[in-house]
Amino acid sequence: MTKKLWGTRFSKNTNSLADKFTSSISFDKRLAEYDVLGSIAHAKMLGKQKIIPKADANSIVAGLNAILKDLKNGRFNFDAGSEDIHSNIQDALFKKIGKAAFKLHTARSRNDQIALDVKMYVKEEIDNLLELTADLQKSILIFAKKNAKTIIPGYTHLQVAQCVLLAHHLLAYVEALERDKTRLLDAKKRADLMPLGSCAMSGTALGIDRAYVAKELGFKSATQNSIDSVCDRDFIIETLAALSIISVHLSRIAEDLILWSTKEFSFIDIDFSFCTGSSIMPHKKNPDILELIRGSVGRIQGDLSNVLILMKGLPSSYNRDLQLDKPPLFDAVDTVKGMLEIFIALFGNIVIEKEAIAAKILDESLFSVDIVEYLIKKGISYREAHDIVGRMVRDCLDKGKKISSLNDKELKKYSVKLGPDVKRILNAWASVSLKKSFGGTSPKLVEKQMYAWIRRLK
Ligand code: ARG
């Protein structure tokens, strides 16, 4: 067991159970590189401000750079007997440069140090998540472009509703993912304030330069209040909330694709390389990846609840409870990254079942609103038009007839305004082409939107 940073005041060793229970090195080791980078900036500042001799500062920085190299090469030995990542790096530095290492912890505490490490981690991971989310948008756009002319039945209440372009449906995903990116960027803004130098909770009597450290580490500025700095975890909650919403979106996309891949829908075929089989039913080809994406939402939302409950009613300033914010944060980041990565690949491995879809869009109930709007254009009120078309649909269903097979006389029975030209709109292409309102599914608008996204995401 290495000597604790705070061991001297203690008249005896801590119980081994207490050590085990309080240790965080098993998970905060992931913050090692941020911890070292933060320490390098801190040491430089201490030297610049003449709080420690320049020579010691240089030696600390050199030692920390060597540690950074070891970390990057996987040669750093984490000591499980050393309480946390901060003690681990401190011990390693002592082994490299001797007593000068003792000066590194001047004018800081682990309370502001851990806040700094996590903020650096969050900022970097948000950048990674933004890139992955954009990559998923691009992967969806490639799929949309490949199938730009495909029309599918759209659904409300999971009942056949109206024709839409598949690309329009896919652009809805792109739109939602764009909002996700703005939420992540927003969370990053709040993580971009540098807490180091707040020390335990009240600041320090030593002449530190916090603005310098903030600049060195690429933060927008230093935090303003030392008490808030050591206990603010809003940026974690906000990141987890953004991740929760992303995961909800991913689960909904997954659910669409699961439905579409069923025999009942037969809109898409997912490549064998992204499906699994059944150990008992030889005929099965299951969309397990999509189901696991759908199922992962519980985990992410659990992570968010975990931290929200952790923070509730916590007294101001630092409390050790805060150590427990990291496992759920890491878990959510890892899980969502995994979900995004597999989704990016999966979109390249789906093909459209053109014939099955073509058969489905012959269903004339898809055009009922188009007939209503045809009548409205001829001066009939919405309510009346709705009744007229309702009667037509009901009669045709009862008699097993198609609206397109009704002759002129039969049409006129429902309304004198119904001319033979109504039959021209009873097909999927006409139906989507009519939806020219801004944001609607008309091919021209959808194409314009698709290319706008492609340009924007380049
Ligand atoms: N492991 C702690 C955490 O994650 C670091 C700060 C510990 N501070 C302290 N005074 N015990 O929050």
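The structure we're discussing is the one just above.
Residues numbered from 1 in each chain as written. Predicted model: local features only at pLDDT ≥ 70, side-chain atom pairs only at ≥ 80, totals over all residues. Heavy atoms only, no water.

**Comments concerning the overall build of the protein chain**
In terms of helices and strands, the protein chain carries 18 helices and six strands. Computed over its C-alpha atoms, the radius of gyration of the protein chain comes to 31 Å, more than 25% above the 23 Å expected for a compact globule of 458 residues. Of the roughly 23300 Å² of accessible surface on the protein chain, a fraction of 55% belongs to carbon and sulfur atoms. (Helix = DSSP H or I, 4+ residues; strand = E, 2+ residues; numbered from the N terminus. Rg over C-alpha atoms; globule rule 2.2 N^0.38 Å. Areas by Shrake-Rupley, 256 points an atom, 1.4 Å probe, with all protein chains shown as cover.)

**Regarding the site of the ligand**
Taken together, Ser24, Asp84, His86, Arg110, Asn111, Ile114, Tyr318, Arg320, Gln323 and Lys326 are the residues near the ligand. Side-chain polar atom of Arg320 to a nitrogen atom of the ligand: 3.5 Å apart, as the coordinates give it. Expressed as a share of its isolated accessible area of 350 Å², the protein-covered part of the ligand is 87%. Considering each element in turn, the shell around the ligand owes the most residues, three residues, to helix α6 (residues 110-146). Each residue belonging to the shell around the ligand can be placed in one class, and the counts come to two nonpolar, four polar and four charged. (Near = heavy atom within 4 Å. Polar contact = N/O pair within 3.5 Å; in protein donor to acceptor, adjacent residues only side chain to side chain. Nonpolar A, V, L, I, M, F, W, Y, C, P; charged D, E, K, R; others polar.)

**A short note on the environment of Lys189**
Relative to the helices and strands, Lys189 resides in helix α7 (residues 166-191). Judged by its relative accessible area of 55%, Lys189 falls in the exposed class. Between the C-alpha atom of Lys189 and that of Leu406, which follows or precedes it by 217 residues, the distance is 62 Å. A distance of 3.1 Å separates a polar atom in the side chain of Lys189 from a polar atom in the side chain of Asp186. (Buried < 20%, exposed > 50% of the residue type's maximum accessible area, 1.4 Å probe, protein only.)

**Describing the pairing of strand β2 (residues 159-165)**
In summary, the side chains of a regular strand alternate between the two faces of the sheet. Taken together, the five bridges between strand β1 (residues 151-156) and β2 define a ladder with antiparallel strand orientation. Paired with Ile151 across the two strands is Leu165, which belongs to β2. (Pairing = 2+ DSSP bridges.)

**Considering the nonpolar core**
Counting 133 residues, the largest nonpolar core has Leu250, Leu257, Trp260, Phe343, Phe347 and Leu418 as the members making the most contacts within it. Top contributing element to this core by residue count: α6, with 16 residues. Trp260 has contacts with Ile152, Leu166, His169, Tyr173, Phe265, Ser266, Phe267 and Ile268, leaving out every residue within four places of it along the chain. (Core = buried A, V, L, I, M, F, W, Y, C linked by side-chain atoms within 4.5 Å. Contact = heavy atoms within 4.5 Å.)

**Focus: the side chain of Ser139**
Along the chain, the position of Ser139 falls in helix α6. Dropping the residues within four chain positions of it, Ser139 is found in contact with Ile344, Phe347 and Gly348.

**Some points on empty space enclosed by the protein**
The gaps left among the atoms become clear once a water-sized probe is rolled over them. Inspection of every chain in the model, using the stated rule, returns one cavity of 30 Å³ or more. In this structure, the largest cavity occupies an estimated 30 Å³ of space. If you go around the largest cavity, the residues you meet are His42, Met45, Leu196, Gly197, Ile208, Asp209, Arg210 and Val213. Those elements giving two or more residues to the lining of the largest cavity turn out to be α3 (32-48) and α8 (210-216). Grouping the constituent residues of the lining of the largest cavity by class yields four nonpolar, two polar and two charged. (1 Å grid on protein atoms, 1.4 Å probe; cavity = no way out; pocket = protein on both sides within 12 Å on 5 of 7 lines; lining within 4 Å. Points joined across faces, edges and corners; volume = space filled by probe spheres on them.)

**Thoughts on the environment of Ala222**
When you line up the elements, Ala222 lands in strand β4 (residues 221-222). Using a relative accessible area of 21% as the deciding quantity, one classes Ala222 as partly exposed. For the pair Ala222 and Met392, spaced 170 residues apart in sequence, the C-alpha separation works out to 70 Å. Look past the residues within four positions of Ala222 in its chain and what remains in contact with it is Met194, Arg210 and Ala214.

**Section: helix α5 (residues 85-97)**
Its 13 residues place the ends of α5 18 Å apart at the C-alpha level, agreeing with the 18 Å of an ideal helix rising 1.5 Å per residue. If you check which residues of α5 are buried, you get Ile85, His86, Ser87, Asn88, Ile89, Gln90, Asp91, Ala92 and Leu93. Structurally, α5 contributes buried residues whose contacts are with α2 (25-28), α3, α4 (54-73) and α6. The N-terminus of α5 is capped by Asp84, whose side-chain oxygen sits 3.2 Å from the backbone nitrogen of His86. Downstream of α5 by a residue or two, Gly98 has a phi angle that is positive, lying close to 75°. (Expected span 1.5 Å × (residues − 1).)

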